[in-house]
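Residues per chain, in single letters:
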Protein chains: 2
Amino acid sequence: MNINNLHKRIEKLTATEPGQPVRLDRWDPAEAGDFTKQDAAPLSAENVQALDELAYRLYAENTRSLLIVLQGMDTAGKDGVIRHVMAGINPQCAAVVPFKRPSDEELDHDFLWRIHQKVPPRGNIGIFNRSHYEDVLVVRVNNLVPQPVWEARYDAINHFEKLLTDGKMKVLKFYLHISQKEQLERLQARLDDPTKRWKFCKSDLDSRKQWDDYRRAYEDALTRCNTKHAPWHVIPADRKWFRNLAISTIIRHTLEEMDPQFPPAEPGLENLKLI
Amino acid sequence: MNINNLHKRIEKLTATEPGQPVRLDRWDPAEAGDFTKQDAAPLSAENVQALDELAYRLYAENTRSLLIVLQGMDTAGKDGVIRHVMAGINPQCAAVVPFKRPSDEELDHDFLWRIHQKVPPRGNIGIFNRSHYEDVLVVRVNNLVPQPVWEARYDAINHFEKLLTDGKMKVLKFYLHISQKEQLERLQARLDDPTKRWKFCKSDLDSRKQWDDYRRAYEDALTRCNTKHAPWHVIPADRKWFRNLAISTIIRHTLEEMDPQFPPAEPGLENLKLI
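In what follows, the accompanying structure is described.

## Observations regarding the packing of aromatic side chains
All chains considered together, the criterion is met by 20 aromatic pairs over all chains. Centroid distance Phe99(A) to Phe128(A): 4.9 Å. Interplanar angle 80 degrees. Geometry classified as edge-to-face. One end of the pair, Phe99(A), is in the loop between strand S2 (94-98) and helix H4 (104-107); the other, Phe128(A), is in strand S3 (residues 125-129), with 29 residues separating them in the sequence. An identical accessibility class is assigned to Phe99(A) and Phe128(A); each is buried. Seen from their ring centres, Tyr133(A) and Trp232(A) are 4.8 Å apart, and the 65 degrees between their planes marks the pair as edge-to-face. Here Tyr133(A), found in the loop between S3 and helix H6 (138-141), pairs with Trp232(A), found in strand S5 (residues 232-236); they are 99 residues apart in sequence, far enough to count as distant. When its relative accessible area of 0% is taken as the criterion, Tyr133(A) is described as buried. One aromatic cluster is present, formed by Tyr56(A), Tyr59(A), Phe262(A) and Trp198(B) through successive ring pairs. Directly above the ring of Phe35(A) sits Arg9(A), whose terminal nitrogen or CZ lies 4.0 Å from the centroid.

## Describing the layout of surface pockets
Residues and elements named next belong to chain B. Approximately 430 Å³ is the volume found for the second largest pocket. Around the second largest pocket sit 21 residues that line it, and Lys170, Leu172, Lys228, Pro231 and His233 are the ones nearest its centre. If you list the elements that add at least two residues to the lining of the second largest pocket, you get helix H1 (3-14), strand S4 (169-177), strand S5 (232-236) and helix H11 (240-258). With 5 residues, H11 is the largest single contributor of residues to the lining of the second largest pocket. Within the lining of the second largest pocket, the residues separate by chemical class into 9 nonpolar, 7 polar and 5 charged.

## Examining the state of the cysteines
All told, the structure shown has 0 disulfides over all chains when counted by the stated rule. Just so you know, Cys93(A) is unpaired, no disulfide at all, and the nearest cysteine sulfur is the one on Cys201(B), 18 Å from it. Using a relative accessible area of 1% as the deciding quantity, one classes Cys93(A) as buried.

## Structural notes on the interface of chain A and chain B
Contacts between the two partners involve 39 residues from chain A and, on the opposite side, 39 residues from chain B. Carbon and sulfur atoms supply 60% of the area that chain A and chain B bury against each other, a total of about 3,900 Å² over both sides. Per-residue buried area on chain A facing chain B is highest for Gln92(A), Trp198(A) and Leu274(A); these three make up 19% of the total on that side. Our count for the chain A to chain B interface comes out at 4 salt bridges.

## Observations regarding helix H2 (residues 37-61) of chain A
Relative to the 36 Å expected for 25 residues at 1.5 Å per residue, H2(A) spans 35 Å between its end C-alpha atoms, a close match to the ideal helical length. At the exit of H2(A) stands Asn62(A), carrying a positive phi of roughly 60 degrees.

## Here we look at the environment of Leu13(B)
Residues and elements named next belong to chain B. Along the chain, the position of Leu13 falls in helix H1. Classification of Leu13 by relative accessible area gives buried; the value is 17%. Each residue touching Leu13, except ones within four places of it in the same chain, is listed here: Trp27, Glu31, Ala32, Gly33, Phe35, Val234, Pro236 and Phe242.

## Section: the packing of H1(B) against H11(B)
Residues and elements named next belong to chain B. Orientation of H1 relative to H11, taken along the N-to-C sense of each, is 120 degrees, at an axis distance of 9 Å. What the angle tells us is that H1 and H11 run oblique. Between H1 and H11 lies a crossing whose hand is left-handed. For the pair H1 and H11, the contacting residues are Ile3, Asn4, Leu6, His7, Ile10, Glu11, Leu13 and Thr14 in the first and Phe242, Leu245, Ala246, Thr249, Ile250, Arg252, His253 and Glu256 in the second. The residue makeup of the contact of H1 with H11, split by class, is 8 nonpolar, 5 polar and 3 charged.

## Side note on the packing of helix H3 (residues 78-86) of chain B against H11(B)
Residues and elements named next belong to chain B. In the contact formed by H3 and H11, the axes pass within 10 Å of each other and the chain directions differ by 60 degrees. The angle between the axes of H3 and H11 places the two elements in the oblique class. Between H3 and H11 the crossing geometry is right-handed. Packed against H3, whose contacting residues are Gly80, Val81, His84, Val85 and Met86, the element H11 presents Arg243, Asn244, Ile247, Ser248 and Ile251 at the interface. Partitioning the contact of H3 with H11 into residue classes produces 5 nonpolar, 4 polar and 1 charged.

About the criteria used
- Residues numbered from 1 in each chain as written.
- Chains lettered and ligands numbered in written order.
- Predicted model: local features only at pLDDT ≥ 70, side-chain atom pairs only at ≥ 80, totals over all residues.
- Heavy atoms only, no water.
- Phe/Tyr/Trp six-rings, centres within 6.5 Å; stacked < 30°, edge-to-face > 60°.
- Helix = DSSP H or I, 4+ residues; strand = E, 2+ residues; numbered from the N terminus.
- Buried < 20%, exposed > 50% of the residue type's maximum accessible area, 1.4 Å probe, protein only.
- Lys NZ or Arg CZ within 6 Å of the ring centre and 35° of its normal.
- 1 Å grid on protein atoms, 1.4 Å probe; cavity = no way out; pocket = protein on both sides within 12 Å on 5 of 7 lines; lining within 4 Å.
- Points joined across faces, edges and corners; volume = space filled by probe spheres on them.
- Nonpolar A, V, L, I, M, F, W, Y, C, P; charged D, E, K, R; others polar.
- Disulfide = S-S within 2.5 Å.
- Contact = heavy atoms within 4.5 Å.
- Buried area = accessible area lost by both parts, 1.4 Å probe.
- Salt bridge = Lys/Arg side-chain N within 4 Å of Asp/Glu carboxyl O.
- Expected span 1.5 Å × (residues − 1).
- Axes fitted to C-alpha atoms, helices over the stretch in contact; angles between N-to-C directions.
- Parallel < 35°, antiparallel > 145°, perpendicular 65-115°, else oblique.
- Left-handed = near helix turned anticlockwise from the far one by under 90°.

The quantities given are spatial measurements derived from coordinates; they are silent on function.
In structure tokens form, the structure reads like this:
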């Protein structure tokens with residue numbers, strides 16, 4: 001399928017409108033448009049293959065970069081996206097940065113200090129598995145800082161992302177949208193599989209109890225940090241195959257629009273014969 | 001094929017003896033033992049698949065790490081190893097670190113300062129594309145520091161690698177061994193392919209003129225920094241398929257010996273039912 005047509009169909013199901021409030025109940029987490037699982041497999045595979053080639057050209061060109069932010073509740077599929085969408089890319093051209101609980105040293109700085117250090121350098125794709133958005137999500141829901149502190153962060157994030165994109169960086173932000181019911185099934189699946197049980201923390205159940213608080217915090221983050229330069233996509237993520245198709249399509253389309261080029265060779269090499 | 005048998009056959013062709021001088025003329029760069037290109041393809045593919053699973057277990061276990069150092073002359077195949085051996089690994093579990101010409105800030109520190117910052121954290125595989133060894137290779141060959149300075153570095157490297165391996169890190173070092181003739185062909189191939197010509201620098205031809213100096217510098221590095229805790233392998237690399245088979249076998253065998261385990265689950269989860 002033509003990537004532009006595919007992209008248009010995916011945008012209809014996932015795009016948000018900067019400046020407009022994001023209401024998550026407008027998206028069905030099980031949404032898949034008129035795609036079927038069978039259509040999706042070859043399309044996603046083609047996207048993943050194209051991403052490898054595009055990432056290599058971005059790397060060779062070495063003037064621009066791409067930052068991909070993955071956010072979502074526990075089990076929403078952040079790790080799954082990394083495995084299924086990003087794993088085909090030459091690791092020389094891309095890096096995954098997981099943001100966990102900040103260290104003491106990191107807490108001794110402003111909340112963007114550790115983030116800024118990890119943005120992708122020229123030529124590279126950076127994938128943030130969680131991000132600075134945690135500082136207006138988990139931090140807000142659990143009152144880890146006073147309200148005026150987290151309130152000020154939305155603007156700070158917008159200015160920060162503007163700085164990045166004023167340089168030569170593109171920023172794509174994905175909110176992986178799952179239902180409470182799907183999360184319960186995925187948590188149970190972790191418990192039932194001895195090779196996945198280690199991933200389960202009893203504290204996951206506490207976050208589950210805060211579902212509505214998280215949802216409000218996400219809606220605020222998606223509304224207040226939804227700019228033309230760094231827009232959010234809401235990715236219906238109950239169906240893993242649709243999630244992978246949507247994200248691979250959006251990243252591929254973005255890179256195709258950037259259209260990175262192999263840099264020119266040094267002059268005078270065209271007819272050079274060494275042998 | 002049983003990985004232990006395969007590993008024994010590869011070790012015979014690539015292992016060095018810590019404490020003994022490494023003489024590179026003892027290895028034919030076109031060596032492939034009694035492997036054929038046809039044997040090698042499925043064996044390498046099986047290794048690459050196993051590496052993905054092993055890397056994931058190392059990541060889950062989250063107590064140990066693996067550092068892979070890739071060194072070799074221009075065109076020796078460092079990038080090729082990353083693409084063909086490492087690219088199957090979930091990028092969440094592994095990171096490539098390229099070491100280029102040091103920055104001014106890096107030069108204001110000792111030569112291991114920038115290296116130490118980039119070693120893989122617990123649970124991760126780090127792949128160094130070039131490394132601290134450049135400080136006894138390009139730096140020595142081009143007299144970028146006085147001889148007493150680079151002379152002191154061999155010991156410093158051994159102590160540094162001891163520190164790493166006294167912790168929970170395994171270190172594997174690969175010297176990709178190509179012939180001068182093969183390098184000439186690969187450089188010509190870069191010139192002939194418009195999508196590869198950008199990789200060619202005229203200065204590559206200067207390094208080529210220093211071939212014998214580099215070879216002596218490599219022999220010294222391989223001899224003086226060849227310890228039980230961080231041994232070198234000499235990988236005959238004129239045949240890319242043998243290079244990939246050898247390196248994938250050694251990494252896989254190392255990880256199988258480490259035998260990383262999924263961590264135990266929190267107590268009391270075995271029969272927990274959420275639904």
